[in-house]
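# Architecture at a glance
Listed below, chain by chain, are the residues.
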Amino acid sequence: TRLIGLNLSAGRPNRIWPDDKAVDLCRRMTQEGHDHVIVIAVPADIARAEAVAAQVGGLTRAVPPGLSLPEVSALISRLTLLVSPDTSLIHIARSFQVPVVGLYNRATKNFRRWQPYRQPDGAVVGNDIDTIADITVDEVFGRVQMVLNRVAGERT
């Protein structure tokens, strides 16, 4: 069983991926019944995380409310993969060598500076210079599958 984290929160609205896309992605990741998804959010967004998890049901749960950053970091250290907008959680995951799929806008200077550390296949870059809302579920799910397949191949 793989444990995948999906972070909904970001420091600015233009770095938030739409909740309907998060629901669709969770459904795709759990449809075969062997991936569990933990929806992560800052306290102000916990209702969004709970709503996403409730819409998906099954193997998807929201992170428990009230966790501190060190507690969320400990959770991240146990993930098989983290999907997140460009936030500190990407860097926390990479510090634990947890593979990531980061969602970035087309601002190339920002991407060059903050792309996933030592993981060249760990990003999906949208077409818009200001937002990640244009990134499709197909793009993210495809990258998730690619990264998970690579990781599985490295373990064999």
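The structure we're discussing is the one just above.
Keep in mind that this is a model prediction, so the values were computed, not measured.

Here the focus is the overall build of the protein chain. Looking only at helices and strands, the protein chain has six helices and six strands in total. Its C-alpha radius of gyration of 14 Å places the protein chain within 12% of the 15 Å reference for a compact globule of 156 residues. Taking all 156 residues of the protein chain together, 47% fall into the buried category. Nonlocal contacts in the protein chain, meaning residues at least 24 apart in sequence, comprise 55% of its contacts between residues at least 6 apart. Surface exposure of the protein chain reaches about 7,900 Å², of which carbon and sulfur atoms provide 53%. Here the protein chain contributes 18 positively and 16 negatively charged side chains, and the mean placements of these two sets differ by 7 Å.

Helix α4 (residues 88–95) packs onto helix α3 (residues 69–77) with a crossing angle of 50° between their chain directions and a minimal axis gap of 9 Å. Taken together, α3 and α4 sit at an angle that is classed as oblique. Handedness of the crossing formed by α3 with α4: right-handed. For the pair α3 and α4, the contacting residues are L69, V72, S73 and I76 in the first and L89, I92 and A93 in the second. Among the residues making up the contact of α3 with α4, the classes are represented as six nonpolar, one polar and no charged.

Of note, A10 is situated in the loop between β1 (2–7) and α1 (19–30). Other than its neighbours up to four places away in sequence, A10 contacts R15, I16, P85 and T87.

Turning our eyes to something else, we now look at the nonpolar core. In this structure, L25, V83, V101 and V140 are the most contacted members of the largest nonpolar core, which totals 47 residues. Among all residues touching L25, those that are not within four sequence positions of it are L6, W17, V83, V137, V140 and F141.

Okay, the sheet that holds strand β4 (residues 81–85) next. Ordered by their spatial adjacency, six strands build an open sheet running β3-β2-β1-β4-β5-β6, and the pairing between neighbours is parallel. Edge strands, defined here as strands with exactly one partner in the open sheet, are β3 (60–62) and β6 (123–125). With direction set aside, neighbouring strand axes in the sheet form an average angle of 15°. Of the strand pairs in this sheet, β4 and strand β5 (residues 100–104) are connected by four bridges, and their pairing is parallel.

Both β1 and strand β2 (residues 35–40) contribute to a ladder of six bridges, which runs parallel. Its bridge partner being in β2, L3 is matched across the sheet by H36. Handedness of the crossover joining β1 and β2 through α1: right-handed. Here β1 runs beside β4; their pairing, made up of three bridges, is parallel. Note that in β4 the partner of I4 across the bridge is L81.

Next up on the list: the environment of V56. For V56, the position within the fold is in helix α2 (residues 46–56). Relative accessible area serves as the criterion here: at 17%, V56 is assigned to the buried category. In this structure, the C-alpha to C-alpha distance between V56 and M29, residues 27 residues apart in sequence, is 10 Å.

Rules behind the numbers
- Residues numbered from 1 in each chain as written.
- Predicted model: local features only at pLDDT ≥ 70, side-chain atom pairs only at ≥ 80, totals over all residues.
- Heavy atoms only, no water.
- Helix = DSSP H or I, 4+ residues; strand = E, 2+ residues; numbered from the N terminus.
- Rg over C-alpha atoms; globule rule 2.2 N^0.38 Å.
- Buried < 20%, exposed > 50% of the residue type's maximum accessible area, 1.4 Å probe, protein only.
- Contact = heavy atoms within 4.5 Å.
- Areas by Shrake-Rupley, 256 points an atom, 1.4 Å probe, with all protein chains shown as cover.
- Lys, Arg positive; Asp, Glu negative; His and termini not counted.
- Charge placed at Lys NZ, Arg CZ, Asp CG, Glu CD.
- Axes fitted to C-alpha atoms, helices over the stretch in contact; angles between N-to-C directions.
- Parallel < 35°, antiparallel > 145°, perpendicular 65-115°, else oblique.
- Left-handed = near helix turned anticlockwise from the far one by under 90°.
- Nonpolar A, V, L, I, M, F, W, Y, C, P; charged D, E, K, R; others polar.
- Core = buried A, V, L, I, M, F, W, Y, C linked by side-chain atoms within 4.5 Å.
- Pairing = 2+ DSSP bridges.
- Right-handed = clockwise from strand over helix to strand, strands pointing away.

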